[in-house]
Amino acid sequence: MNLPATSLWPTNTWYVAATADEVSGKPLGRQICGQQIVLFRNDAGEVAALDDFCPHRGAALSLGFVRGDTLVCGYHGLAVGCTGKVACMPGQRVGGFPQVRSFPVIERHGFIWLWPGDASQASPELLPRLEWADSPEWRYAGGLFHVQCDYRLLVDNLMDLTHETYVHRTSIGQKEIDETPCKTEMVGDEVVTTRLMGNVPAPPLWQSLMRQHGLPDDQLVDRWQICHFSLPSHVILEVGMALAGHGGYNADSSVKVSSIVVDFITPETETSNWYFWGFARSFCLDDDELTTSIRDRQATIFGEDVEVLEQQQRNVVRYPDRKLLKLNIDAGGVRSRMLIDRAIAEENKPPVNA
Amino acid sequence: MNLPATSLWPTNTWYVAATADEVSGKPLGRQICGQQIVLFRNDAGEVAALDDFCPHRGAALSLGFVRGDTLVCGYHGLAVGCTGKVACMPGQRVGGFPQVRSFPVIERHGFIWLWPGDASQASPELLPRLEWADSPEWRYAGGLFHVQCDYRLLVDNLMDLTHETYVHRTSIGQKEIDETPCKTEMVGDEVVTTRLMGNVPAPPLWQSLMRQHGLPDDQLVDRWQICHFSLPSHVILEVGMALAGHGGYNADSSVKVSSIVVDFITPETETSNWYFWGFARSFCLDDDELTTSIRDRQATIFGEDVEVLEQQQRNVVRYPDRKLLKLNIDAGGVRSRMLIDRAIAEENKPPVNA
Amino acid sequence: MNLPATSLWPTNTWYVAATADEVSGKPLGRQICGQQIVLFRNDAGEVAALDDFCPHRGAALSLGFVRGDTLVCGYHGLAVGCTGKVACMPGQRVGGFPQVRSFPVIERHGFIWLWPGDASQASPELLPRLEWADSPEWRYAGGLFHVQCDYRLLVDNLMDLTHETYVHRTSIGQKEIDETPCKTEMVGDEVVTTRLMGNVPAPPLWQSLMRQHGLPDDQLVDRWQICHFSLPSHVILEVGMALAGHGGYNADSSVKVSSIVVDFITPETETSNWYFWGFARSFCLDDDELTTSIRDRQATIFGEDVEVLEQQQRNVVRYPDRKLLKLNIDAGGVRSRMLIDRAIAEENKPPVNA
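Definitions and cut-offs
- Residues numbered from 1 in each chain as written.
- Chains lettered and ligands numbered in written order.
- Predicted model: local features only at pLDDT ≥ 70, side-chain atom pairs only at ≥ 80, totals over all residues.
- Heavy atoms only, no water.
- Contact = heavy atoms within 4.5 Å.
- Buried area = accessible area lost by both parts, 1.4 Å probe.
- Salt bridge = Lys/Arg side-chain N within 4 Å of Asp/Glu carboxyl O.
- Polar contact = N/O pair within 3.5 Å; in protein donor to acceptor, adjacent residues only side chain to side chain.
- Helix = DSSP H or I, 4+ residues; strand = E, 2+ residues; numbered from the N terminus.
- Nonpolar A, V, L, I, M, F, W, Y, C, P; charged D, E, K, R; others polar.
- Least-squares fit on C-alpha atoms with pLDDT ≥ 70 in both.
- Buried < 20%, exposed > 50% of the residue type's maximum accessible area, 1.4 Å probe, protein only.
- Pairing = 2+ DSSP bridges.
- Axes fitted to C-alpha atoms, helices over the stretch in contact; angles between N-to-C directions.

A word on the interface of chain C and chain A. How big an interface is tends to be stated in terms of the accessible area lost upon association of its parts. Taken together, the contact pairs 27 residues of chain C with 26 residues of chain A. Taken over both partners, the interface formed by chain C and chain A buries close to 2300 Å², and the fraction arising from carbon and sulfur atoms is 54%. Scanning the region where chain C abuts chain A turns up two salt bridges. The partner of Asp51 of chain A in a salt bridge is Arg322 of chain C, with the nearest N and O atoms 2.8 Å apart. Counting across the interface, chain C meets chain A through 12 residue pairs in polar contact (both at pLDDT 80 or more). Counting residues per element, the ones that place at least two in the side of chain C that touches chain A are helix H1 (151–159), helix H2 (164–167) and helix H5 (288–318) of chain C. Ranked by residues supplied to the side of chain C that touches chain A, first place goes to H5 of chain C with seven residues. The class makeup of the residues in the side of chain C that touches chain A is 10 nonpolar, seven polar and 10 charged.

The following block contains the structure:
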C-alpha cells in the first residue's frame with residue numbers, strides 16, 4: 001500500500017466530491033484521491049475547492065468560515081479567495097504569500113464535481129451526461145457511504161451482479177441471476193455488461209415496486225440488468241422488469257418498472273472511498289413516500305455490501321500476492337480496471353518532446 | 001515484531017481453535033497463529049477448517065453459509081468442500097480452480113483442535129489426553145478471553161503462581177505462596193512446577209469451596225499447586241487443599257477439594273492470543289449453581305490478569321532489548337519457553353538429505 | 001516521526017509531570033518525553049518517579065502499590081525504593097538485581113516537577129519561580145488536557161494571541177487584537193511578546209470579570225497581553241484590562257482586573273502532550289464560585305484550541321516538507337522554538353575534552 005497515490009486512480013478527470021447539499025455556508029473538509037481538500041460556497045453560492053491547509057501555519061481551512069468571496073482561516077484570519085490567491089490577513093501584506101492550490105469544481109446534477117489533477121486539462125465538456133438527473137421523467141434520491149476499501153473493489157462489485165443472489169438474497173437477489181450468462185462489451189468509452197432474464201419471478205423488492213406501479217406482483221417478468229462503467233469510477237445500472245412477453249427493456253412503460261441505480265465512487269485513500277449511491281425511477285414520479293422508502297431500502301441493501309467489501313479489502317491487503325480469478329462474470333470489472341489502468345498509464349507517460 | 005510468524009510459535013501441533021459450541025451452523029472466522037481461518041460444520045455436523053479467503057475474489061468465506069458438505073461463499077456462490085476442493089459455482093467449470101487450503105481439525109473433549117502447520121504430520125494420537133474432560137468424576141466449565149499479549153507471557157503467568165499473592169490477593173492469593181519455594185522439573189514431555197504449602201489458612205475463594213463441600217472453612221489446610229506445561233501452550237494446574245494433616249494432595253476426597261484449572265492458549269498474532277480457560281472439580285458434581293458461580297468467579301479472577309499482561313506486553317514491545325530476570329520462581333516459564341523454542345527450531349531445521 | 005526522542009525536546013530541564021493531587025496513594029503511570037514513568041508517594045507523602053518497568057518481568061510498576069518507602073510491583077511483589085534500588089522480593093536475594101531508573105522530582109507550587117534527562121544536572125534552583133502560586137494575593141485554579149499534537153504547536157498558539165479573534169471569538173476574542181501590532185523581545189531568558197490595546201471594548205468573558213470586580217462592563221478599557229515563554233515549554237500570559245485612561249497594566253487594582261494564564265506543556269510523544277493550564281487572578285480572591293466558574297469557562301475556551309491544534313498536527317504530519325510562514329505575529333513562537341532548538345543542540349554537543 002506504499003505506492004504513490006497516482007498509481008491507483010486517474011487524476012485528470014471529474015470525481016463526485018460531495019452532494020450539492022453537503023456544501024453549504026459551513027466549509028466541508030474531505031480527503032479525495034489522497035488529497036485533503038476543503039469545499040465551500042462563497043456568499044454568492046458558488047462552490048470552490050482548495051487545499052485544506054492554511055499557508056500561514058498549516059491549520060485546516062475547513063475549520064474556518066466564509067466571508068464574501070473568501071474562505072477565512074479560523075486560526076489567525078488569513079483569507080483565501082476561491083482561486084487560491086491569498087486575499088488579505090489582518091496586519092499583513094499578503095502580496096508575497098504563497099498561493100493555495102485550488103481545484104476545478106463544477107456543481108451539476110445535484111453533485112459537486114472535482115478535478116483532482118492538472119487543472120489546465122479540466123473542462124466541463126468532460127462531465128458525464130446524466131439524462132435522469134434534471135429530467136421531469138425521472139425521480140432521484142440517494143445517499144453517501146464512507147467505505148473502507150479500495151474503490152476498485154466496489155467497481156468489481158457493481159459490474160458483477162451475481163452477488164445479488166448471495167449478498168442481497170432477501171431483497172433483489174434470485175437464483176436466475178446466477179444462472180443467466182451475461183455479456184460484456186465496449187460501447188464507446190463504456191464497459192457494458194448486460195444480463196437479460198426472461199420469464200422469471202420477481203424478487204421481493206421488485207414485487208413491491210410492481211405493486212406500486214399498479215402491476216401484478218405474482219406474474220413472471222422479463223428482468224434486465226445493464227451495467228455501464230465509465231471513467232474514472234462511475235457505474236450506472238439500468239435495472240428493471242416488465243410483465244413477461246411485452247418486450248422487456250423495450251416494453252411500454254405501463255407494463256414495466258424501470259430504474260437507474262447510480263454509483264459514483266470517489267477514492268479517499270488507497271483503502272477507502274466515498275460511495276455516492278442513488279436510485280432514479282421513471283414511474284410513480286410524484287410519490288414522495290415511495291422516494292423515501294426506496295432510499296431507505298437501498299441504504300439497507302447497499303449496507304450489506306459494505307461488510308463484504310471491507311472484509312475482502314482486509315484479505316487482499318493481508319495476501320497482496322495472491323492472484324484472484326477472472327471468470328466470465330468478472331469480465332465487467334476486469335475490463336473496467338483495464339480502462340482505469342490505461343488512464344493512469346496515460347497520465348504518467350513521459351512527455352513526447354525532448 | 002516483524003519476525004516471520006513461524007518464529008514465535010510451533011505450527012506442527014494441535015491448538016484449541018474454538019469451543020465446540022462456538023462452531024454451529026454459522027461459520028466462524030478466527031485468526032490462529034497468524035492465519036485467517038474459517039471454521040464450520042457441514043450438514044452432518046462435522047467440523048472443517050479452511051483458509052478464510054475465497055479463491056474467486058478474496059472474499060471472507062466466514063461470511064458465507066453451509067450447504068450440504070460445502071461452505072458457500074456469500075459473495076458470488078463458490079462452494080468449497082471440507083477438504084478445500086472447490087465443489088461448484090453457478091455457471092462455472094471449477095475443475096481448474098485452485099484448492100483452498102484446509103487445516104486438520106478434530107472435535108474432542110468439548111473443543112475444536114486445529115493443526116496450523118504441515119497437515120501430513122497431523123495425527124489424532126498427538127492430541128493431549130484430558131482425563132477430566134469426559135469423566136463422570138469431574139465437572140467442567142470455562143470461558144474464552146481475547147488477550148492482547150504474546151501467548152508466552154500468559155504461559156509465564158500460569159507457571160509462576162506467586163502472582164496470585166498480588167494480582168488475586170482478594171480471592172486465591174495468600175502470602176504463603178510467596179514464602180513457599182517451588183520445584184520445577186521435567187516429567188516426561190511436561191514441565192512441572194510444584195508448590196506444597198502445609199498448615200496454612202485457606203484464602204477466601206477456597207474457604208467458600210470448602211464450605212460447599214461440607215468442610216470447615218476456618219481450619220488450617222494443606223494446599224497444593226502443581227503446574228503442568230505441555231507443548232504447544234497448554235497449562236494444566238492441579239490445585240486444591242485438604243484439611244491439614246490428612247495427606248494433602250493424596251488425602252481422601254471427603255476431606256479435600258481438588259480441582260484442575262485448564263488453560264489452552266492459542267496465538268492469534270505476535271501480540272495477541274485466544275485464551276481458553278476453565279475449571280474442573282471432583283466434588284459437588286451435581287451442583288449446577290456452583291458450576292456457574294465458579295465460572296463467574298474464575299472470569300473475574302482471570303480478568304485481573306488481563307490488565308497486567310496487556311500492560312506488560314506494551315512494556316516488552318517498547319523496550320525489546322531489555323533483559324528480564326529469570327529467578328527460581330520463573331523456572332517453570334523459562335523451561336516452557338525452552339520447549340517452545342526447541343519445537344520451533346526443530347520445525348525450521350533444513351532437511352537432512354542434500 | 002522516527003527521529004530520536006532527544007531531537008524534539010530538551011531533557012535536562014524541569015517539566016510538570018502531574019498536579020500534586022494526581023499523585024496520591026495510588027501510583028500514576030504517565031508517559032513523559034517519550035519515557036513511560038510511574039509517579040507515587042511513599043508513606044511519608046514524598047513523591048518519587050521511576051521507570052514504569054519492573055526489572056523482574058517488565059510489568060508496569062504503576063499497577064502496584066506503595067508499602068512504606070517502596071513501590072511494590074503488583075505482579076510478583078518486587079519492591080523498589082524511591083531511588084530505584086530494589087529493596088526486597090519474597091524469597092529472593094535482590095543484591096544483584098538491576099537498578100530501576102529513577103527521575104528527579106520535586107513537589108512545588110501544587111505541581112510535581114520532573115527532570116527527564118541527566119539526573120546529575122538536576123537542581124531545585126532551576127525550577128521556575130511562580131509568584132502567584134503560593135501568594136495570598138493570587139487565587140489559582142486549573143486543569144489538564146491530553147492533546148494530540150507536537151507540544152511546540154501549543155507554544156506557537158500561546159505566543160500568538162491573534163488566534164483569540166478567531167478561535168475564541170465569542171469569549172475573549174476581539175478584532176482589536178488582530179489590529180494591534182505586538183512586540184517580541186528577549187527579556188533575560190524569556191521570550192516576551194507584548195500587545196497593548198488602548199480604548200477598546202471588553203469582550204464577553206472580560207465584561208463578566210469586570211462586573212464581578214464591581215466595575216462597569218460597558219466602558220472602554222485598556223487591555224494588555226504579555227506572553228512569557230521560558231524553557232522548556234512554559235508559557236505564562238499576563239492578561240487583563242483597566243478602565244481606559246487609568247494606566248492600563250499599571251493602573252490601581254481598584255480599576256482593573258488582572259490575571260495570569262498559566263500553561264505548562266509537557267511532551268508525551270512526538271505528536272502528543274500533557275497540557276496543564278490554569279488561571280490566577282488578583283481580584284475577588286475569596287469568591288469560590290467565581291474560581292469554579294472561571295475554571296469551567298477556561299476549559300471550554302482551551303477546548304476550542306484542541307480541535308484546531310489536532311487538525312493542524314495532522315496537516316503538518318501529512319505534509320512534512322511544507323514551509324510555514326513566519327510573520328511578525330509568529331515572532332514569539334519562532335523565538336521560543338529557537339530557544340528550544342538551542343537547548344537541544346547544547347545537550348547533544350559532543351564533550352569538549354578529547
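Attention now goes to the relation of the copies chain C and chain A. Between the two copies of the chain lies a rotation about an axis combined with a shift along it. It takes a turn of 120° to lay chain C on chain A, together with a shift of 0.0 Å along the axis; the resulting RMSD is 0.0 Å. Here the two chains are linked by the operation of a three-fold rotation axis.

What follows covers unusual backbone geometry. Following Leu231 of chain B, the chain continues into Pro232 of chain B via a peptide bond in cis, with omega recorded as 0°. One non-glycine residue with positive phi stands out, namely His109 of chain A, at about 60°. One can find His109 of chain A in the loop between strand S10 (105–108) and strand S11 (111–114). Positioned with a positive phi, Cys33 of chain B is a non-glycine residue whose angle comes to about 50°. Relative accessible area serves as the criterion here: at 2%, Cys33 of chain B is assigned to the buried category.

Chain B puts 26 residues into the contact, and the matching count from chain A is 27 residues. Taken together, the two surfaces of chain B and chain A that pack against each other cover about 2300 Å², and 54% of this comes from carbon and sulfur. The largest contributions to the chain B side of the interface with chain A come from Phe53, Arg57 and Tyr75 of chain B, which together make up 34% of the buried area. At the surface where chain B touches chain A, the tally comes to 12 residue pairs in polar contact (both at pLDDT 80 or more). Residues belonging to the side of chain B that touches chain A are distributed by class as follows: 13 nonpolar, 10 polar and three charged.

Attention shifts here to the sheet that holds strand S16 (residues 234–243) of chain C. Whenever strands of a sheet pair, they do so through backbone hydrogen bonds, lying parallel or antiparallel. All names here are of chain C. Pairing within the open sheet is antiparallel, and its seven strands lie in the order S12-S18-S17-S16-S15-S14-S13. Two strands close off the open sheet at either side, each with one partner strand: strand S12 (139–147) and strand S13 (183–187). Direction aside, the axes of adjacent strands within the sheet are offset by 20° on average. Sheet topology places strand S17 (residues 256–269) next to strand S18 (residues 272–281); 10 bridges connect them, and they run antiparallel. Note that in S18 the partner of Ile265 across the bridge is Tyr275. On top of the sheet, H1 reaches strand S14 (190–200), strand S15 (221–230), S16, S17 and S18; it is set at about 165° to S17, its chief contact.

Our next topic: the side chain of Thr180 of chain B. All names here are of chain B. Among the structural elements, Thr180 can be located in the loop between helix H3 (175–179) and strand S13 (183–187). Looking at Thr180, the relative accessible area reads 17%, which means it is buried. For Thr180, the residues in contact, after removing those within four places along its chain, are Arg195, Leu196 and Met197.

With that settled, consider the sheet that holds strand S13 (residues 183–187) of chain A. Residue and element names in this part refer to chain A. If you trace the seven strands from one edge of the open sheet to the other, you get S12-S18-S17-S16-S15-S14-S13, paired in antiparallel fashion. Two strands bound the open sheet, and with one partner strand each, they are strand S12 (139–147) and S13. Neighbouring strand axes in the sheet, compared pairwise and without regard to direction, differ in orientation by 20° on average. Note that S13 and strand S14 (residues 190–200) share five bridges and pair antiparallel. When the bridges of S14 are listed, Val187 appears paired with Glu190. Across the sheet, helix H4 (residues 204–212) is in contact with strand S15 (221–230), strand S16 (234–243), strand S17 (256–269) and strand S18 (272–281); its angle to S16 comes to roughly 65°. Packed on one face of the sheet, helix H6 (residues 331–348) meets S13, S14 and S15 and runs near 30° to S13.

Attention now goes to the side chain of Thr70 of chain A. All names here are of chain A. Examined against the element boundaries, Thr70 turns out to sit in strand S6 (residues 70–72). Since its relative accessible area comes to 12%, Thr70 is described here as buried. In terms of polar contacts, Thr70 uses its side chain to reach the backbone carbonyl oxygen of Arg67, at 2.8 Å. Those residues in contact with Thr70 that lie beyond four places of it in its chain are Phe40, Phe65, Ala79, Val80, Gly81 and Ala87.

So, about the pairing of S16 of chain C. Residue and element names in this part refer to chain C. When you tally the buried positions in S16, you get 10 out of 10 residues, the bulk of the element. Bridge count between S15 and S16: 10 bridges; the pairing is antiparallel. In the sheet register, Gln225 faces S16, and the bridge partner there is Val239.

Moving on, we come to the environment of Gly142 of chain A. All names here are of chain A. Locating Gly142 in the fold gives a position in strand S12. Among the residues examined, Gly142 registers a relative accessible area of 31% and is labelled partly exposed. Linking Gly142 and Gly58, residues 84 residues apart in sequence, is a C-alpha distance of 35 Å. The residues contacting Gly142, other than those within four sequence positions of it, are Trp277, Gly278 and Arg295.

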